[in-house]
Amino acid sequence: MKTLIQNGTVIAWAEGQHRVLNRGFVLFENNEIVYVGDSYDGTADSFIDATGRLVMPGFVNAHLHVTDTLYTKGYLEEVGASQPGVPINFASLYKVLPAVRHATDPDAQVVAARCAFAELARTGSTTVVEMGYDFEIGGNADIAITERIADVAGESGLRCYSGPRYRTMYYGDDGQGSVFYKNYPGGARARFEACVEFCRTWNGKYDDRLRTMLAPGQVDTCDAELLRDTRRQADVLGIPIQLHAGQSPNEYARIKEAEGMSTVEYLIETGLLGPDLIIGHGQIMTGDGDAATMPEHEIAALRDSKTTICHLPWVKARRGGVINSIEKYKSMGFRQCLGTDTYPFDMFNDMRMASTLCKIVERNPLAGLSSDVFHMATAGGADALGRADLGRLSAGCKADIVLVRTDTPKATPVYDPFKFLVHAATGDDVDRVIVDGKTIVENGEVLSIDVPAAVREVNEAGSRVWSRLDL
């Protein structure tokens with residue numbers, strides 16, 4: 001079946017970049033785009049009138065957590081260091097976050113995922129990378145929660161990469177202003193093997209909308225053997241990897257102390273770097289957190305390996321941190337993408353934060369250009385996943401398409417769609433979302449999920465989780 005989107009302003013992909021067609025046409029047949037241009041005199045079976053709409057590729061939200069975010073909301077913000085001199089993110093990362101995750105239960109995680117997927121669809125993310133938490137805190141090898149959440153993702157109509165996490169050790173607040181690290185029994189190898197098996201057996205389900213990735217937890221909680229085994233398995237399975245790294249000064253210092261090298265050198269040593277590796281966060285990749293002080297050999301390793309850094313600007317900013325900077329990383333030739341990490345699951349918000357914070361850090365209004373940030377949120381994330389068929393409106397790409405309203409007082413007149421999308425629009429401006437050729441959001445309403453029921457279930461689960469919270 002051929003469907004023609006007409007009468008809208010189209011952000012098309014041509015000659016390696018996004019280009020604006022002021023009056024464009026997008027034709028897709030089943031789940032694939034077959035034509036994008038500024039005129040069309042052929043036939044179609046159905047039509048979508050995009051008058052007063054921007055027609056854009058769906059966002060590739062390359063790093064997020066759907067199982068616990070709705071319960072950490074409000075607990076991780078406006079909490080400071082446990083004592084003077086302790087880093088600003090100490091309490092949130094090493095104390096509050098583990099406590100909330102301990103308080104959740106499997107059913108609570110599943111209903112949270114369903115509600116989060118509804119928000120992701122409503123706000124224009126068509127591909128999402130879920131960094132599953134499951135039983136990681138306990139080191140349990142049971143993969144049942146991952147499978148349940150994968151089913152919820154598949155049923156949502158979204159395109160999802162599921163990455164259940166594993167690690168050698170876990171960390172937390174030792175009660176004296178420092179971080180403890182404790183090994184799981186047996187190095188949690190059973191958990192690793194369970195995650196590998198999940199990745200092998202679930203990759204390609206739900207008409208290939210569900211894919212998998214290997215997700216070693218954090219760079220400072222994974223020993224060298226685990227990271228090397230991750231690389232070997234990724235090569236065998238042909239799937240991507242995502243690793244949390246560059247989250248905090250403590251992490252960088254820990255790698256220096258335990259391994260005698262920097263974070264990037266550790267990734268080089270373990271063979272993890274490559275075009276299929278995504279570094280989630282990527283904020284503190286040097287001792288001082290300034291990309292300008294990164295040694296040349298580390299710059300060359302990240303650049304030449306085509307490793308991607310996934311920035312999560314809003315979650316950092318609201319805890320007093322900032323990436324310094326995406327403009328520096330761009331000048332170094334690094335591949336970059338964007339994710340929301342936690343709430344809100346609205347890529348418009350993180351695009352705005354990425355652009356604005358970069359301008360502040362660099363003290364330069366031409367840093368963090370809207371067109372660059374939009375690229376990170378779409379094609380940048382697709383490239384990180386090895387998917388040239390995502391994040392773009394071009395013949396041969398998947399029909400993952402978002403229509404954004406521009407017939408509102410906030411939007412009109414739109415003379416630069418990239419600046420509008422990055423600096424003014426929000427997820428509430430999304431009118432229609434198409435994934436794999438099927439409409440899952442229409443007139444701003446999610447069609448694939450019972451939203452009122454999802455909200456009600458999360459509220460009930462939230463009361464249960466918070467009653468168990470021990471802080």
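Scroll up a little and you will see the structure.
Below or above, wherever it landed, is the structure these notes cover. (Residues numbered from 1 in each chain as written. Predicted model: local features only at pLDDT ≥ 70, side-chain atom pairs only at ≥ 80, totals over all residues. Heavy atoms only, no water.)

## Notes on the overall build of the protein
The helix and strand inventory of the protein stands at 15 helices and 21 strands. Here the protein has a C-alpha radius of gyration of 21 Å; the compact-globule value for 471 residues is 23 Å, and the two agree. With the C-alpha coordinates of the protein rotated into their principal frame, the extents come out at 70 × 45 × 45 Å. Relative to its 471 residues, the protein shows a buried fraction of 61%. Once the 47 positive and 63 negative side-chain charges of the protein are each reduced to a mean point, those two points are 1 Å apart. (Helix = DSSP H or I, 4+ residues; strand = E, 2+ residues; numbered from the N terminus. Rg over C-alpha atoms; globule rule 2.2 N^0.38 Å. Buried < 20%, exposed > 50% of the residue type's maximum accessible area, 1.4 Å probe, protein only. Lys, Arg positive; Asp, Glu negative; His and termini not counted. Charge placed at Lys NZ, Arg CZ, Asp CG, Glu CD.)

## So, the nonpolar core
The nonpolar side chains of soluble globular proteins are, as a tendency, buried together. Among the nonpolar cores identified, the biggest contains 114 residues, and Tyr-71, Phe-117, Tyr-329, Met-351 and Leu-421 are the most heavily contacted of them. Per-element tally for this core: the top contributor is helix H3 (residues 106-122), with eleven residues. Leu-421 has contacts with Ile-11, Leu-54, Met-56, Phe-348, Met-351, Phe-374 and Val-404, leaving out every residue within four places of it along the chain. (Core = buried A, V, L, I, M, F, W, Y, C linked by side-chain atoms within 4.5 Å. Contact = heavy atoms within 4.5 Å.)

## Side note on the sheet that holds strand S14 (residues 241-245)
Read across the open sheet, the four strands follow the order S14-S15-S16-S17; overall the sheet is parallel. The sheet is open, and its two edges are formed by S14 and strand S17 (335-338), each paired on a single side. Recorded for the sheet is a direction-independent mean angle of 30 degrees between the axes of neighbouring strands. As judged from the five bridges shared by S14 and strand S15 (residues 277-281), these two strands associate in the parallel manner. Following the sheet pairing, His-244 is matched in S15 by Gly-280. (Pairing = 2+ DSSP bridges. Axes fitted to C-alpha atoms, helices over the stretch in contact; angles between N-to-C directions.)

## What about the pattern of salt bridges?
Throughout the structure, instances matching the rule amount to 27 salt bridges. As a salt-bridge pair, Arg-159 and Asp-400 come within 2.8 Å of each other at their nearest N and O atoms. Residue Arg-159 is located in strand S8 (residues 159-162), and its partner Asp-400 is located in the loop between helix H13 (370-384) and strand S18 (401-405); the two are separated by 241 residues in the primary sequence. Across the pair, exposure class does not vary: Arg-159 and Asp-400 are buried alike. Measuring nitrogen to oxygen at the nearest pair gives 2.9 Å for the salt bridge that ties Asp-389 to Arg-387. The same class applies to Asp-389 and to Arg-387, which are both buried. The network of salt bridges with shared partners includes Arg-53, Arg-405, Asp-407 and Asp-431. (Salt bridge = Lys/Arg side-chain N within 4 Å of Asp/Glu carboxyl O.)

## Concerning the sheet that holds strand S7 (residues 125-130)
Spatially, S6-S7-S8-S12 is the arrangement adopted by the four strands of the open sheet, whose pairing is parallel. Here the strands that pair on one side only, and so sit at the sheet edges, are strand S6 (59-64) and strand S12 (210-212). When the angles between neighbouring strand axes are averaged without regard to direction, this sheet yields 15 degrees. Those strands touched by helix H12 (residues 347-362) are S6 and S7, and its axis lies near 80 degrees from that of S6.

## As for the side chain of Thr-69
If you trace the backbone, Thr-69 turns up in helix H1 (residues 69-72). We classify Thr-69 as buried; its relative accessible area is 1%. When neighbours within four sequence positions are excluded, Thr-69 is seen to be in contact with Asp-341, Thr-342, Tyr-343 and Phe-345.

## A few points about the environment of Val-79
Structurally, Val-79 can be placed in the loop between H1 and helix H2 (90-103). Residues Val-79 and Ala-292, 213 residues apart in the sequence, show an inter-C-alpha distance of 29 Å. The contacts of Val-79, once residues within four sequence positions are left out, are Ile-88, Ala-91 and Ser-92.

## Topic: unusual backbone geometry
The step from Tyr-343 to Pro-344 runs through a cis peptide bond, and the omega angle for that step is -15 degrees. With an omega dihedral of -10 degrees, the bond running from Thr-412 to Pro-413 counts as a cis peptide bond. Here the phi dihedral of Tyr-206 falls at roughly 55 degrees; this positive angle occurs in a residue that is not glycine. Among the structural elements, Tyr-206 can be located in the loop between helix H5 (189-202) and S12. We classify Tyr-206 as partly exposed; its relative accessible area is 27%.

## Let's talk about the packing of H3 against helix H4 (residues 144-156)
Working note: a packed helix pair is described by the angle between its axes plus the distance between those axes. Running from N to C, H3 and H4 cross one another at 20 degrees; their axes reach a closest spacing of 10 Å. In terms of their interaxial angle, H3 and H4 are classed as roughly parallel. The interaxial crossing formed by H3 with H4 has right-handed handedness. Facing Pro-106, Asp-107, Gln-109, Val-110, Ala-113, Arg-114 and Phe-117 of H3, the residues of H4 in contact are Ile-145, Arg-148, Ile-149, Val-152, Ala-153 and Ser-156. Of the residues belonging to the contact of H3 with H4, the class tally is eight nonpolar, two polar and three charged. (Parallel < 35°, antiparallel > 145°, perpendicular 65-115°, else oblique. Left-handed = near helix turned anticlockwise from the far one by under 90°. Nonpolar A, V, L, I, M, F, W, Y, C, P; charged D, E, K, R; others polar.)

## Observations regarding the pairing of S18
The buried fraction of S18 amounts to four of the five residues, a majority that puts the element mostly inside the structure. Both S18 and strand S19 (residues 430-435) contribute to a ladder of four bridges, which runs antiparallel. Paired with Leu-403 across the two strands is Arg-432, which belongs to S19.

## Quick notes on the state of the cysteines
What the rule picks out here adds up to zero disulfides. Looking at the unpaired Cys-310, the closest cysteine sulfur is the one in Cys-337, lying at 3.7 Å. Cys-337 supplies the cysteine sulfur nearest to Cys-397, a cysteine that is in no disulfide, at a spacing of 17 Å. (Disulfide = S-S within 2.5 Å.)

## Looking at the pairing of strand S3 (residues 32-37)
In the sheet, strand S2 (residues 17-29) pairs with S3 via five bridges, with the strands oriented antiparallel. Its bridge partner lying in S3, Phe-28 is registered against Ile-33. Between S2 and S3, which pair antiparallel and follow one another directly, the connecting turn spans two residues, one of which, Asn-30, has a positive phi of 60 degrees.

What is shown is where atoms sit, not what they do.
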